[in-house]
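# A closer look at the structure
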Amino acid sequence: QVLLVESGGGLVQPGGSLRLSCAASGSIFSILRMGWSRQAPGKQRELVAGITSGGRTNYADSVKGRFTISRDNAKNRVYLQMNSLKPEDTAVYYCNAAYNNYGDSYDYWGQGTQVTVSS
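The rules behind these values
Residues numbered from 1 in each chain as written. Predicted model: local features only at pLDDT ≥ 70, side-chain atom pairs only at ≥ 80, totals over all residues. Heavy atoms only, no water. Core = buried A, V, L, I, M, F, W, Y, C linked by side-chain atoms within 4.5 Å. Buried < 20%, exposed > 50% of the residue type's maximum accessible area, 1.4 Å probe, protein only. Contact = heavy atoms within 4.5 Å. 1 Å grid on protein atoms, 1.4 Å probe; cavity = no way out; pocket = protein on both sides within 12 Å on 5 of 7 lines; lining within 4 Å. Points joined across faces, edges and corners; volume = space filled by probe spheres on them. Helix = DSSP H or I, 4+ residues; strand = E, 2+ residues; numbered from the N terminus. Nonpolar A, V, L, I, M, F, W, Y, C, P; charged D, E, K, R; others polar. Pairing = 2+ DSSP bridges. Axes fitted to C-alpha atoms, helices over the stretch in contact; angles between N-to-C directions.

### Quick word on the nonpolar core
- Ranked by size, the top nonpolar core spans 30 residues in total, and within it Leu-4, Met-34, Trp-36, Leu-80, Met-82 and Tyr-93 carry the most contacts.
- Residues within four places of Tyr-93 in sequence aside, it is in contact with Glu-6, Leu-20, Trp-36, Ser-37, Arg-38, Val-48, Phe-67, Leu-80, Met-82, Gly-112, Thr-113 and Val-115.

### Focus on the layout of surface pockets
- Approximately 210 Å³ is the volume found for the largest pocket.
- Residue lining of the largest pocket: 16 residues in total, with Gly-50, Asn-58, Gly-103, Asp-104 and Tyr-106 positioned closest to the centre.
- Of all the elements in the fold, those that place two or more residues in the lining of the largest pocket are β5 (46-51) and β6 (57-59).
- For the lining of the largest pocket, the leading source of residues is β5, giving five residues.
- Here the residues of the lining of the largest pocket are counted per class, giving eight nonpolar, five polar and three charged.
- Considered as a void within the structure, the second largest pocket measures approximately 160 Å³ in volume.

### With respect to the sheet that holds strand β1 (residues 2-7)
- Spatially, the four strands line up as an open sheet ordered β1-β3-β8-β7, and their pairing is antiparallel. Each end of this open sheet is capped by a strand with a single partner; those strands are β1 and β7 (67-72). Neighbour-to-neighbour, the strand axes of the sheet open up by a mean angle of 15 degrees, direction not taken into account.
- In the sheet, strand β3 (residues 18-26) pairs with strand β8 (residues 77-82) via six bridges, with the strands oriented antiparallel. Bridging across to β8, Leu-18 finds its partner in Met-82.

Here it is, written out as structure tokens:
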């Protein structure tokens, strides 16, 4: 199994920035694609960003130009740099991991970290 633990969430003002971090442990040798998802109360879960083992990235239209996903394989970590945050970015953010480099589904989820954008 794979354990994913997110950190870095919190309360920020509109226009501010946060950097989320995800630490992976366990049987991680077969993990290829990693990403971030989010869900706000009463709203559908949204795939925010993904990154393949080769470094190819994809972003939801709602965050393009503002968020950047990256990974450090030596440290078994994936990051989400979030800039120019908006109130509509408020959600629980989840770290995800998959055994493949394609598709929008994931095999593992973290426990989530709350991001709140408010004045």
